[in-house]
Amino acid sequence: MEIGIALPQYGTHARADRIAGFARDAEEAGFDSFWVGDRVLTPVAPSDLYPGHTPEDPYPHQYKTFLDPLTVLTVAAGATSRARLGMSTLNGPWYPPALLARSLTSLDQVSGGRLDVGLGIGWLRDEYTAVGADFRKRGALLDELLDVLHGIWTQEEFGHRGPHWTIPVAHVGLRPVQPAGPPVYLGGFSPAALRRVGRRATGWVGAVLPPGAAEGLWDVARRAAEEAGRDPEALRRRIRCNPGPGATADAIAALLEGVRATGADGCFVDLQQSVDSPDEALELGVKVLGLLRG
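Residues numbered from 1 in each chain as written. Predicted model: local features only at pLDDT ≥ 70, side-chain atom pairs only at ≥ 80, totals over all residues. Heavy atoms only, no water.

A word on the overall build of the protein. Helix and strand content of the protein: nine helices and eleven strands. Over its C-alpha trace the protein gives a radius of gyration of 19 Å, about what one expects of a compact globule, namely 19 Å for 294 residues. Projected onto its principal axes, the C-alpha positions of the protein cover 55 × 45 × 40 Å. Charge separation in the protein, taken as the distance between the mean sites of 29 positive and 35 negative side-chain charges, equals 4 Å. (Helix = DSSP H or I, 4+ residues; strand = E, 2+ residues; numbered from the N terminus. Rg over C-alpha atoms; globule rule 2.2 N^0.38 Å. Lys, Arg positive; Asp, Glu negative; His and termini not counted. Charge placed at Lys NZ, Arg CZ, Asp CG, Glu CD.)

See below:
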């Protein structure tokens, strides 16, 4: 199983001056991939609660400071040469497809073909309001976005006319390094989200869930792949692990061992809610990596 780590991006870890050094040191230590998330704002009176939180504590307090995910990945790409670059997840419906295709293709080129695109639909209606997107149509927006990305990455001339976006037929000169474009992973934890994974994606970017829950969702994706005429054995899983404050290396390694036992292809650990600084995160992450590979 490939092991990754979240780049310093939010909360007290949102240190632009540490991104390059963190990525370079993490790659040298043996991490296989780097990851970012996507938040655009943290409302004072939010429309929705983060899963597992209360009205008094509506979301992790670290989310009040968030560096742009594509900028963080670009800096990491320039400082490294081997590790893959992933997103868990970019909220696809927020972005005009033509502009997002340009950004992702450029990042695939900058990284030498190391980009894995992770897309989701988010959970906070206020963020959709802030970017001018329709929360009620988020699933349809994501589907149309996937259509556009595939077309731009695979056709020499491409145009699109859909319910939400129109793109005049144009020459596509900017090409990704990876044939047919970067692998696309989809997030989400509903049956509808996992059916979309099975029908349309390289795989799933999930998270550590209670025993039995992840397996049931994965079965939904596999069945959807079969029904769409795709090979369910080709689907891949990348699983996020979010340890809480004070988590030890032994406890985190045990969580990742549990993920490995499910047959997941990769797992990454986000330590930005566990410790206070990028340096502490890297030190703890390297200990976990040593336990898993020692």
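From this point, the discussion proceeds with the structure in view.
Right, let's talk about the packing of aromatic side chains for a bit. Throughout the structure, instances matching the rule amount to eleven aromatic pairs. Measuring from centroid to centroid gives 5.7 Å for Tyr63 and Phe66, while their planes differ by 75°, and the two rings are edge-to-face. Phe66 carries the same exposure label as Tyr63, and that label is buried. Aromatic ring contacts, followed pair by pair, group Tyr10, Tyr50, Tyr63, Phe66 and Trp123 into a single cluster. Over the face of the ring belonging to Phe135 we find Arg138, whose NZ or CZ atom lies 3.9 Å from the ring centre. (Phe/Tyr/Trp six-rings, centres within 6.5 Å; stacked < 30°, edge-to-face > 60°. Buried < 20%, exposed > 50% of the residue type's maximum accessible area, 1.4 Å probe, protein only. Lys NZ or Arg CZ within 6 Å of the ring centre and 35° of its normal.)

With that out of the way, let us pick up the sheet that holds strand E5 (residues 117–120). Spatial strand order, E3-E2-E1-E11-E10-E9-E8-E5-E4: nine strands in an open sheet with parallel pairing. At either margin of the open sheet sits one strand with a lone partner, and together these are strand E3 (84–87) and strand E4 (90–91). Bridging between strand E1 (residues 2–6) and strand E2 (residues 33–36) involves three bridges; their strand directions are parallel. The partner of Gly4 across the bridge, within E2, is Ser33. In the packing of helix H2 (residues 69–79) onto the sheet, contacts are made with E2, E3 and E4, and the angle to E3 comes to roughly 170°. (Pairing = 2+ DSSP bridges. Contact = heavy atoms within 4.5 Å. Axes fitted to C-alpha atoms, helices over the stretch in contact; angles between N-to-C directions.)

By the bridge criterion, four bridges tie E2 to E3 in an arrangement that is parallel. Its bridge partner lying in E3, Phe34 is registered against Leu85. Handedness of the crossover joining E2 and E3 through H2: right-handed. (Right-handed = clockwise from strand over helix to strand, strands pointing away.)

Moving on, we come to unusual backbone geometry. Of the consecutive residues Ser88 and Thr89, the connecting peptide bond is found in the cis state with omega at -15°. Mapped onto the secondary structure, Thr89 falls in the loop between E3 and E4. Residues other than glycine seldom take positive phi values, yet Ala180 does so here, at roughly 65°. Take Ala180: it is sitting in the loop between strand E7 (166–171) and strand E8 (184–186).

Before going further, it helps to examine the nonpolar core. Within the largest apolar cluster, 67 residues are counted, with the highest numbers of intra-cluster contacts made by Leu7, Phe34, Met87, Leu104 and Leu119. At seven residues, helix H5 (residues 138–154) tops the list of elements feeding residues into this core. Among residues more than four places away in sequence, those in contact with Leu119 are Thr89, Leu90, Gly92, Leu142, Leu145, Leu146, Leu149, Val184, Tyr185, Leu186 and Gly187. Counting five residues, the second-largest nonpolar core is a separate cluster that includes Ala6, Trp35, Val205 and Phe268. (Core = buried A, V, L, I, M, F, W, Y, C linked by side-chain atoms within 4.5 Å.)

This structure, assessed with the given rule, holds 17 salt bridges. In this structure, Lys287 engages Glu283 in a salt bridge whose closest nitrogen and oxygen atoms are separated by 4.0 Å. Highlighted residues: Lys287 and Glu283, both in helix H9 (residues 278–293), separated by four residues, approximately one helical turn. On the basis of relative accessible area, Lys287 is assigned to the partly exposed category, the value being 48%. (Salt bridge = Lys/Arg side-chain N within 4 Å of Asp/Glu carboxyl O.)

On to the environment of Ile3. Summarising the element assignment, Ile3 is placed in strand E1. Here the alpha-carbon distance between Ile3 and Asp32, two residues 29 residues apart in the chain, equals 5.5 Å. In this structure, Ile3 is in contact with Phe31, Asp32, Ser33, Leu256, Cys267, Leu289, Leu292 and Arg293, ignoring residues within four places of it in sequence.

Read these as spatial facts, not as claims about activity.
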